[in-house]
Structures are given as C-alpha cells and as structure tokens.
Amino acid sequence: MSWSDRLGRRGLLAAALAVAACGFTPVYGPGGAARGLYGDIAIATPRDVAGYLLVERLEERLGRTGGMPAYELTADIDLDETGLGITTGQETTRIRLRGTLDYRLSEAATGAVAKRGRVQNFTSYSAPVFSAARNTVAGNSVTVQAAKEDALARLMVILADQLTAELLATAPDWRGDS
C-alpha cells in the first residue's frame, strides 16, 4: 500500500468524523428533520404538462402517498419566455424559460396552512433564427419544439428539487418539531 493510499483513507476517515462531530444527521434518518415524512404528502393533481412534470419529480423525491396523508401540497406554476442571444440583425437565437412556483402545504385533516412559499429558477433553449430580410427561418421546427419541451422538463426538475430541499430543511418548523 502506498503512502498516498493510506493518506487518502485517513483523510476520508477524518472527513467522516468531522461531519459526524458537527451534528450532521440524515434528513430521513432517526432524529432527522424529515423522519416519517416520505410518502406523507399528497400532491395536487396536475392541470397541464408542466404540472405533470413537476408532480412526477416531487413524487420521486417525496414519495407517493399510500393511505391517509398528513399533508396536502398545491402548487401554481407561472412560466415566462424571454428572448436572449439576439444577433446584430435583431434575430433571436436563444430563449430563456423562467418558472415561478408558488406553493402551499396544508394539514390534510384541518386544512390549516403549515407552510407556503415561492421558488423560482430558469433554463434556456435554442430558438430558430428568423430573418426578416429573407423571410426565412433557420432551424427545424421539430427540433426547436423538442428543445423547448426538454427545457420545460429540466425546469420542472429544478423547481421540484428546490421545493423539496426547502420543505425538508424547514420540516421541523412547520411540523412543530423542536
């Protein structure tokens, strides 16, 4: 065994001990902020493609409810497209897709709001270049639509992950844990 291998293992062991010493606990583990929460949040039925993609990711991260959930989550999605990457001929080559997610987490039994908030982020995709001078579009409309759909899917994953992180990090506050 080389000196660098032993040093690497010692460094890894020292890092693990440092994390344990600082009070780190797994979020779903015993004593974790979200213990017992996985599968206990019912997510409102989606109304559109963006909502479906959001719910799909939230269920991956928070689990699907099996019986009577303790909480219900509703989310309103607002999407906005803005042109970026404008050429000297005033042709747009890139579109920014910005998403804002306003959410409300309520106790299922009483309807009392446990937590509400907002998360927002953006992604972008390539756009066709429209030349007014030549009255032509550069770019295949099928590939542009695929890029737009992919950007939407990426954005919903980002927003769902942000929402999940916020819920898990603040779970002791809105669950009344100390």
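Above this text sits the structure in question.
Residues numbered from 1 in each chain as written. Predicted model: local features only at pLDDT ≥ 70, side-chain atom pairs only at ≥ 80, totals over all residues. Heavy atoms only, no water.

Moving on to the pairing of strand 4 (residues 113–126). Pairing of strand 3 (residues 92–107) with strand 4 involves 13 bridges; the strand directions are antiparallel. If you follow glycine 99 over to strand 4, its bridge partner there is asparagine 121. Hairpin connection of strand 3 to strand 4: five residues between the antiparallel strands, including glycine 111 at a positive phi of 80 degrees. (Pairing = 2+ DSSP bridges. Helix = DSSP H or I, 4+ residues; strand = E, 2+ residues; numbered from the N terminus.)

By the element assignment, threonine 164 lies in helix 3 (residues 141–174). Setting aside chain neighbours within four positions, we find threonine 164 in contact with Leu58, Arg61 and Leu62. (Contact = heavy atoms within 4.5 Å.)

Attention now goes to the pairing of strand 2 (residues 71–86). Relative to strand 2, strand 1 (residues 41–43) runs parallel, the two sharing three bridges. When the bridges of strand 2 are listed, isoleucine 41 appears paired with tyrosine 71. Note that strand 2 and strand 3 share 15 bridges and pair antiparallel. Looking at the pairing, leucine 73 lines up with leucine 105 of strand 3. In this structure, the hairpin formed by strand 2 and strand 3 is closed by a connection of five residues, where glutamine 90 is found at a positive phi of approximately 60 degrees.

The next subject is the environment of alanine 127. With respect to the element layout, alanine 127 can be found in the loop between strand 4 and strand 5 (129–131). Judged by its relative accessible area of 12%, alanine 127 is buried. Counting along the chain gives 35 residues from alanine 127 to threonine 92, while the straight-line C-alpha distance between them is 6.9 Å. If sequence neighbours within four positions are ignored, alanine 127 has contacts with Thr92, Thr93, Arg94 and Ile95. (Buried < 20%, exposed > 50% of the residue type's maximum accessible area, 1.4 Å probe, protein only.)

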